[in-house]
Amino acid sequence: MLTFDHVSKVYDEGHKAVDDMSLEVKKGEFVVFIGPSGCGKTTTMKMINRLIEPTEGTILYEGEDIMKKNPVELRRSIGYVIQQIALFPHMTIRENIALVPKLLKWPSTKRRARAEELLELVDMDASYLDRYPHELSGGQQQRIGVLRALAANQPLILMDEPFGALDPITRDSLQEEFKKLQQRLQKTIVFVTHDMDEAIKLADKIVIMRAGQIVQVGEPEEILRHPANDFVEEFIGKDRLIQSRPTVKTVDQIMSKTPATILKENTLVEAIQVMRDKRVDSLLVVDQNNHLEGFIDVETIDEHRKRVKTVGDVMTKELYTVSSGDLLRDTVHKFLRRGIKYVPVVNDQRHLIGIVTRASLADLVYDSIWGEEEPTPL
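Residues numbered from 1 in each chain as written. Predicted model: local features only at pLDDT ≥ 70, side-chain atom pairs only at ≥ 80, totals over all residues. Heavy atoms only, no water.

Per an unreviewed UniProt entry, the recorded name for the chain is Quaternary amine transport ATP-binding protein, and the organism is Pullulanibacillus pueri. Annotation of the chain in UniProt includes, under Subunit (unreviewed entry), the sentence "The complex is probably composed of two ATP-binding proteins, two transmembrane proteins and a solute-binding protein." Heading Catalytic activity (unreviewed entry) of the UniProt record for the chain holds this comment: "a quaternary ammonium(out) + ATP + H2O = a quaternary ammonium(in) + ADP + phosphate + H(+)". (UniProt positions renumbered as here; feature names shortened; annotations may be inferred.)

Structural data, given as structure tokens:
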């Protein structure tokens, strides 16, 4: 898909922003460039679509030298998302999404159909098409920025710190959403970030740079376990959570298969009885097919016990979930960042198959941080 062959970028004063880079990016791969400020990661990305042109070496995109391609045509064949989003405020959401297809002279009916199709991918309905950017939240605007990069079905997407300006919870949500979208669409992504947690979560391959050069390239797990040198180890952070048990990597390996549940048709009195029997203060709400609907806790029941009867009337529908094959390290980060007590585990049809609790993570967290130290006697 993409090849850097001894590529350098040298400015007039002799400063090498990128120094003799050679790298292969495979089709469908999610590659994240990371490093300290000024290391050359953004310059590297901008050379791909010739916003910055290389001084030395060759960049091949789908086997062709980018310097032999028309720069406008090249940029239209590559999606591009930046932190500032850069939606056009005078254009509707439909017009923003369909901007590149319009430049490529797609028929209007095809452009509208494509915009509707893309909105469905991020759980936004067609009612958003005729709105303007100022009518959307920051997270929704960022979704539209990503969709615009996907609109012409370009095989390669460049992303320059696209989630950096968002609040932590919205950022977490969009990271998860985009990773699933990338896996579904099999796009090749080149992504720039300064956030190691983001790199670990999203990347198939991480490229760590320093002073214009590649210091280490590898899968997240490989880099976390085998940093190339002291710089990489310090940049990653010695206190970053890494499973010291290599056999425990995914959620399904530690989840409980017997979460406390209740049907949404049950009464609040029955919910309280289940909580008392199972010694818990909240229940996951499911339907007759074990499809996860939400959750209910004792505070909600106490607040509504005199006004409503069934669990479904007052349950909270917004609930963070994980899939059984998700990496355990991502789930650990969510527990710590969000302060949540448990995470339901669901399959592709959102059927409840288990639960991960803070207690079930305690041993792994302990081993990750203190596993090599002798415990202090109590």
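### A closer look at the layout of surface pockets
Taken as a whole, the largest pocket holds about 1,800 Å³ of empty space. Considering the residues around the largest pocket, the lining is formed by 47 residues, among which Ser173, Glu176, Glu177, Lys180 and Thr321 are closest to the centre. Sorting the residues of the lining of the largest pocket by element identifies α5 (108-121), α6 (138-150), α7 (168-185), α8 (196-202), α9 (220-225), β14 (322-323) and α14 (328-338) as the ones contributing at least two each. Ranked by residue count, the leading element in the lining of the largest pocket is α7, at eleven residues. A class-by-class count of the residues in the lining of the largest pocket yields 15 nonpolar, eleven polar and 21 charged. Quantified by volume, the second largest pocket comes out at close to 480 Å³. Residue lining of the second largest pocket: 20 residues in total, with Arg75, Ile78, Tyr80, Val100 and Arg148 positioned closest to the centre. For the lining of the second largest pocket, the secondary structure elements donating two or more residues are α2 (71-76), β6 (78-82), α4 (99-103) and α6. The element best represented in the lining of the second largest pocket is β6, accounting for five residues. Classifying every residue of the lining of the second largest pocket by side-chain character gives 13 nonpolar, four polar and three charged. (1 Å grid on protein atoms, 1.4 Å probe; cavity = no way out; pocket = protein on both sides within 12 Å on 5 of 7 lines; lining within 4 Å. Points joined across faces, edges and corners; volume = space filled by probe spheres on them. Helix = DSSP H or I, 4+ residues; strand = E, 2+ residues; numbered from the N terminus. Nonpolar A, V, L, I, M, F, W, Y, C, P; charged D, E, K, R; others polar.)

### Comments concerning helix α11 (residues 268-278)
Listing the buried residues of α11 in full gives Leu268, Ala271 and Met275. Seen from one end, α11 has its buried residues packed into an arc of 55°, which puts them on one side. For α11, the exposed residues lying more than 90 degrees away from the buried face are Val269, Arg276 and Asp277. Those residues of α11 hidden inside the fold are in contact with β11 (261-263), β12 (282-286), β13 (292-297), α12 (298-304) and α13 (311-314). Two residues or fewer past α11, Arg279 is found with a positive phi of approximately 60°. (Buried < 20%, exposed > 50% of the residue type's maximum accessible area, 1.4 Å probe, protein only. Arc of directions from axis to C-beta. Contact = heavy atoms within 4.5 Å.)

### Looking at the environment of Leu156
Relative to the assigned elements, Leu156 resides in strand β7 (residues 156-160). Separated by 34 residues in sequence, Leu156 and Val190 have C-alpha atoms that sit 7.7 Å apart. When neighbours within four sequence positions are excluded, Leu156 is seen to be in contact with Met1, Leu2, Ile48, Tyr61, Ile78, Gly79, Thr188 and Val190.

### What to know about unusual backbone geometry
For Glu62, which is not glycine, the phi dihedral falls at a positive 50°. Examined against the element boundaries, Glu62 turns out to sit in the loop between β4 (56-61) and β5 (64-65). At Lys105, a residue that is not glycine, the phi angle is positive and equals roughly 65°. Looking at where Lys105 falls in the secondary structure, it is placed in the loop between α4 and α5.

### Overview of the packing of α6 against α7
The interhelical angle for the contact between α6 and α7, taken along N-to-C directions, is 20°, at an axis separation of 11 Å. By the angle class used here, α6 and α7 are roughly parallel. For α6 against α7, the interelement crossing comes out right-handed. For the pair α6 and α7, the contacting residues are Gly139, Gln142, Arg143, Val146 and Leu150 in the first and Thr170, Ser173, Leu174, Glu177, Phe178, Leu181 and Leu185 in the second. For the contact of α6 with α7, the residue count by class is six nonpolar, four polar and two charged. (Axes fitted to C-alpha atoms, helices over the stretch in contact; angles between N-to-C directions. Parallel < 35°, antiparallel > 145°, perpendicular 65-115°, else oblique. Left-handed = near helix turned anticlockwise from the far one by under 90°.)

### Regarding the pairing of strand β15 (residues 342-346)
Most of β15 sits inside the fold, with five of its five residues counted as buried. As judged from the two bridges shared by β14 and β15, these two strands associate in the parallel manner. By the bridge assignment, Val322 is partnered in β15 with Val345. With five bridges joining them, β15 and strand β16 (residues 352-357) adopt antiparallel strand pairing. Within the sheet, the bridge partner assigned to Pro344 lies in β16 and is Ile355. Adjacent in sequence and paired antiparallel, β15 and β16 are bridged by five residues, among which Arg350 carries a positive phi angle near 65°. (Pairing = 2+ DSSP bridges.)

### Notes on the confidence of the model for the chain
Per-residue confidence for the chain gives a mean pLDDT of 83, with 89% of residues at or over 70. Element-level pLDDT for the chain is lowest in helix α15 (residues 358-370), with a mean of 62, against a maximum mean of 94 in strand β3 (residues 30-34). Contacts of residues 241-246 to residues separated by more than four positions or lying in other chains number 23 contacts, the stretch itself having pLDDT below 50. Low confidence marks residues 371-376, where pLDDT is under 50. Its contacts with residues over four positions away, or in another chain, come to two contacts. (pLDDT = per-residue confidence, 0-100.)

### Notes on the nonpolar core
With 43 residues, the main nonpolar core has Ile97, Ile144 and Met159 as its most contacted residues. With five residues, α6 is the largest single contributor of residues to this core. Every residue in contact with Ile144, bar those within four places of it in the chain, is listed here: Leu87, Ile93, Ile97, Leu119, Met124 and Leu136. (Core = buried A, V, L, I, M, F, W, Y, C linked by side-chain atoms within 4.5 Å.)

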